[in-house]
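# Tertiary structure, described
So the chains spell out like this:
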Amino acid sequence: MSYLLRGVAPLGGEPADLLLDDGRIAATGREARVAGATVVDADGLVALPGLVDLHTHLREPGREDAETVASGTLAAAVGGYTAVHAMANTSPVADTAGVVEQVWRLGRDAGWADVFPIGAVSVGLAGEQLAELGAMAHSAARVRVFSDDGQCVHDPVLMRRALEYVKAFDGVIAQHAQEPRLTRGAQMHEGVVSAEIGLTGWPAVAEEAIVARDVLLAQHVRSRLHVLHVSTAGSVDLIRWAKSRGICVTAEATPHHLMLTDELARSYDPLFKVNPPLRTADDVEALRAGLADGTIDVVGTDHAPHSREDKDCEWAAGAFGMLGLETALSVVATLMVDTGRMSWADVARVMSVAPARIGRVDDGPFAHGRPLVVGEPANVVLVDPAARWTVDPSALSSLSKNTPYGGRELTGRVVATFLRGHPTVLDSRPATPVGGGAAR
Ligand SMILES: [Zn+2]
């Protein structure tokens, strides 16, 4: 099947036609015509390379009541993603070649987006013994990103050994920066709001102390460090400093840390409970500035589905985490593009090109984050930059409904997603998965 995307604006530039044929971008420009191609009227739409998430919790194996590989990758496709990296904190933990290969196969069978499993750094995420990093790297899943996300690799000796170990196969350690001894019992950001409403505070320094230590460790062993969900102005400063010294560090901000503040905790609604916690307006502004100036390399969703019983409860009993895949592009468009702080080319950089490069999935026949030029894999998302829509939790494709944006109006909406030339999403609705969806 071929598709002719007529009048689309690649990266928001001059309108052109894009011909997708046989899984690749076959022609561009006004001369792109082929007999038998399905014509998609893309007038007024922006084309970006398919989005790549470095930080997705798919919950399978173990919590299929909250999300499955199939439901999570469907949500990803609806959000404009053609690839997601699946976090390792499943049950069992993805700390062996067997588990990462299982997740990789589930993704391939579902057919909504490419799934690249992340391997655990430590056995069982316990932070004591290094997991089988080499076996996971050399498995069919070809793991390059390793993380104990949900937990911090807080032992500096283990962190050093992990950073050293992954150099052999060009891997990266993605750190969840949280000094556990500074966050015992913590429920929300430590500051004015936590003091006023009486919830145990989670200080910024609990994150910043680990970021500072780890950029120095990465410098010492000359390895690659990626800092997950940066949430404080101090962390942005530390990463800016590390990059100015030539340290090989990359950093992520989530859509929710870019948009929301700790003021939302006054509702005591666990929908706004997340790890790391929502911070202050000053932190939010520092993250937006860091994203615009390149200090923050990527927007990662930290899509964290939770079942109703884990969120419909008192704040203290609620699980940490919020959905992100189906709203991330619109949040970034609303905050950064609509305000003139970033271009669509910048969005492509932080949501596709950089995450694909950091995850080392930017090469070969299954490559992502590639330029929209002839010969490249046809991983493309079409966005209506002028659309305004209101988030309806019940309309989401995820099995869980714990979005913090319910009732909010956002600008910019995913219209269609193509995975190697196959439409997984058309008219902002799921189409069909690659391979016909035997697994759904
Ligand atoms: Zn985390």
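Model, not experiment: these values are computed from the prediction. (Residues numbered from 1 in each chain as written. Predicted model: local features only at pLDDT ≥ 70, side-chain atom pairs only at ≥ 80, totals over all residues. Heavy atoms only, no water.)

## Here we look at the pairing of strand S14 (residues 249–253)
Within S14, 5 of the 5 residues are buried, which leaves it mostly tucked inside the rest of the structure. Across 3 bridges, strand S13 (residues 225–227) lies against S14 in parallel orientation. Paired with Val227 across the strands is Ala251, a residue of S14. A crossover connection joins S13 to the parallel S14 through helix H7 (residues 233–244); in handedness this β-α-β unit is right-handed. As defined by bridge partners, S14 adjoins strand S15 (residues 298–299) across 2 bridges and the pair is classed as parallel. By the bridge assignment, Glu252 is partnered in S15 with Val298. (Buried < 20%, exposed > 50% of the residue type's maximum accessible area, 1.4 Å probe, protein only. Helix = DSSP H or I, 4+ residues; strand = E, 2+ residues; numbered from the N terminus. Pairing = 2+ DSSP bridges. Right-handed = clockwise from strand over helix to strand, strands pointing away.)

## What to know about the sheet that holds strand S7 (residues 81–86)
Reading across from one edge, S6-S7-S8 is the order of the 3 strands in this open sheet, with parallel pairing throughout. Of all strands in the sheet, those bounded by a partner on one side alone are strand S6 (51–56) and strand S8 (114–117). Within this sheet the neighbouring strands show an average axis-to-axis angle of 20°, counted without direction. Strands in contact with helix H1 (residues 69–78) are S7 and S8; relative to S7, the strand with the most contacts, it is inclined by about 135°. Here helix H12 (residues 344–358) sits on the sheet and contacts S6 and S7; the angle it forms with S6, its principal contact strand, is near 55°. (Axes fitted to C-alpha atoms, helices over the stretch in contact; angles between N-to-C directions. Contact = heavy atoms within 4.5 Å.)

## A few points about the sheet that holds S14
Judged by pairing direction, the sheet is parallel, and its 5 strands sit side by side in the order S9-S10-S13-S14-S15 without closing on themselves. Of all strands in the sheet, those bounded by a partner on one side alone are strand S9 (145–146) and S15. Packing of helix H4 (residues 156–165) onto the sheet brings it into contact with strand S10 (172–175) and S13, and relative to S10 it is tilted by some 145°. Packing of helix H6 (residues 204–221) onto the sheet brings it into contact with S10, S13 and S14, and relative to S13 it is tilted by some 165°.

## Some thoughts on the coordination of the zinc ion
Around the zinc ion, the donor atoms from the protein are Asp149 (OD), His176 (ND1) and His229 (NE2), and they sit 1.9 to 2.3 Å away. Each donor residue of the zinc ion lies on one chain, and together they are spaced D-x26-H-x52-H. On the criterion of sequence distance, the pair formed by His176 in the loop between S10 and strand S11 (188–189) and His229 in the loop between S13 and H7 is long-range, its members being 53 residues apart. According to the relative accessible area criterion, His176 is buried, its value standing at 2%. Exposure remark for His229: the relative accessible area of 2% places this residue in the buried category. (Donors = N, O, S within 2.8 Å, 3.2 Å for Na, K, Ca; no water.)

## A look at the side chain of Ser398
Note on placement: Ser398 falls in the loop between strand S16 (380–390) and strand S17 (409–419). Look at Ser398 and you get buried, because its relative accessible area is 1%. With sequence-adjacent residues up to four places away left out, Ser398 is seen in contact with Glu67, Ala75, His303, Pro305, Leu323 and Glu326.

## Points about the state of the cysteines
The full count for this structure, using the stated rule, is 0 disulfides. The structure places no disulfide on Cys152, whose sulfur is separated from the nearest cysteine sulfur, that of Cys248, by 19 Å. Classification of Cys152 by relative accessible area gives buried; the value is 7%. (Disulfide = S-S within 2.5 Å.)

## As for the packing of H1 against helix H2 (residues 97–110)
It is at 9 Å that the axes of H1 and H2 come closest, and there the two elements cross at 60°. One way to sum up the angle between H1 and H2 is to call them oblique. The interaxial crossing formed by H1 with H2 has right-handed handedness. Between H1 and H2, the residues in contact are Val69, Ala70 and Thr73 and Val103, Leu106, Gly107 and Ala110, respectively. Residues belonging to the contact of H1 with H2 are distributed by class as follows: 5 nonpolar, 2 polar and no charged. (Parallel < 35°, antiparallel > 145°, perpendicular 65-115°, else oblique. Left-handed = near helix turned anticlockwise from the far one by under 90°. Nonpolar A, V, L, I, M, F, W, Y, C, P; charged D, E, K, R; others polar.)

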